[in-house]
Amino acid sequence: MILFLLLAYSFVILLRTDGPFNIILKLRNRLFALEQFGLGHFFYKLLDCPYCIGFWCSLVSALIIFPVGWFTIVWAFIGAVCVYIAEHILLAIQAVIEK
């Protein structure tokens, strides 16, 4: 279970950066350019929030591991909380290093 939470966090880091060979950057720019139904704004808000990305990545991993049920949603929220905690730990470490 911990492995899948770490997997979700690594996907969050990958999706928030430009990715290898700028693949994620190119994909993100194409998604933002979608004008139909305001999808560009939707994808911008979705990919801008690390907790949202953590939720969706954890939901996908939960659907792989568990049958669909209430625990799937709980698992997705646990993933979002783990991303939140990891983000704040990394910010604290970065603040200590910069001093």
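Everything in this summary refers to the structure shown in the same document.

Rules behind the numbers
Residues numbered from 1 in each chain as written. Predicted model: local features only at pLDDT ≥ 70, side-chain atom pairs only at ≥ 80, totals over all residues. Heavy atoms only, no water. Helix = DSSP H or I, 4+ residues; strand = E, 2+ residues; numbered from the N terminus. Contact = heavy atoms within 4.5 Å. Areas by Shrake-Rupley, 256 points an atom, 1.4 Å probe, with all protein chains shown as cover. Patch = residues over 30% accessible without salt bridge, like charges linked within 9 Å, V, L, I, M, F, W, Y side chains within 5 Å. Salt bridge = Lys/Arg side-chain N within 4 Å of Asp/Glu carboxyl O. Phe/Tyr/Trp six-rings, centres within 6.5 Å; stacked < 30°, edge-to-face > 60°. Buried < 20%, exposed > 50% of the residue type's maximum accessible area, 1.4 Å probe, protein only. Axes fitted to C-alpha atoms, helices over the stretch in contact; angles between N-to-C directions. Parallel < 35°, antiparallel > 145°, perpendicular 65-115°, else oblique. Left-handed = near helix turned anticlockwise from the far one by under 90°. Nonpolar A, V, L, I, M, F, W, Y, C, P; charged D, E, K, R; others polar. Disulfide = S-S within 2.5 Å.

Moving on, we come to the overall build of the protein chain. In terms of helices and strands, the protein chain carries five helices and zero strands. Reading the protein chain from its N terminus to its C terminus gives the helix and strand order α-α-α-α-α. Dimensions along the principal axes, computed over C-alpha positions, put the protein chain at roughly 45 × 35 × 25 Å. Across the protein chain, contacts joining residues at least 24 apart in sequence account for 46% of those joining residues at least 6 apart. Carbon and sulfur atoms form 75% of the exposed surface of the protein chain, whose accessible area is close to 7100 Å².

A cluster of nonpolar residues, Tyr 51, Val 81, Tyr 84, Ile 85, Ile 89, Leu 90, Ile 93 and Ile 97, forms a patch on the protein surface that exposes about 760 Å² of accessible area. Position of Ile 93 among the secondary structure elements: in helix H5 (residues 70–98).

Moving on, we come to the packing of aromatic side chains. Tallied over the full model, the rule gives five aromatic pairs. Note on Phe 71 and Trp 75: the rings are 6.2 Å apart at their centroids and 40 degrees apart in plane angle, and the pair reads as tilted. Here Phe 71 pairs with Trp 75, and both are found in helix H5, just four residues apart, close to one helical turn. Since its relative accessible area comes to 26%, Phe 71 is described here as partly exposed. Every member of this aromatic cluster is reached through a ring pair, and the members are Phe 55, Trp 56 and Phe 77.

Direction vectors running N to C along helix H1 (residues 2–16) and helix H4 (residues 50–65) enclose 140 degrees, while the axes themselves pass 9 Å from each other. The orientation of H1 relative to H4 falls into the category oblique. For the pair H1 and H4, the sense of crossing is right-handed. Between H1 and H4, the contacting residues are Phe 4, Ala 8, Phe 11, Val 12, Leu 15 and Arg 16 on the first element and Pro 50, Ile 53, Gly 54, Cys 57, Ser 58, Ser 61 and Ile 65 on the second. Its residues assigned to classes, the contact of H1 with H4 comprises nine nonpolar, three polar and one charged.

This paragraph deals with the state of the cysteines. Disulfide: a covalent bond connecting the sulfur atoms of a pair of cysteines. Going through the model one piece at a time under the given rule, you end up with zero disulfides. With no disulfide partner, Cys 52 has as its closest neighbouring cysteine sulfur the one in Cys 49, 3.1 Å distant. You can see Cys 82 has no disulfide; the closest cysteine sulfur is in Cys 57, sitting 13 Å from it. When its relative accessible area of 30% is taken as the criterion, Cys 82 is described as partly exposed.

For the rest of this paragraph, the subject is unusual backbone geometry. When glycine is set aside, most residues are seen to have a negative phi, and most peptide bonds are trans. Positioned with a positive phi, Phe 21 is a non-glycine residue whose angle comes to about 55 degrees. Tracing the backbone shows Phe 21 in the loop between H1 and helix H2 (23–32). A relative accessible area of 76% means that Phe 21 is categorised as exposed. We note that Asn 22 has phi near 60 degrees; this positive angle belongs to a residue other than glycine. Inspection of the secondary structure puts Asn 22 in the loop between H1 and H2.

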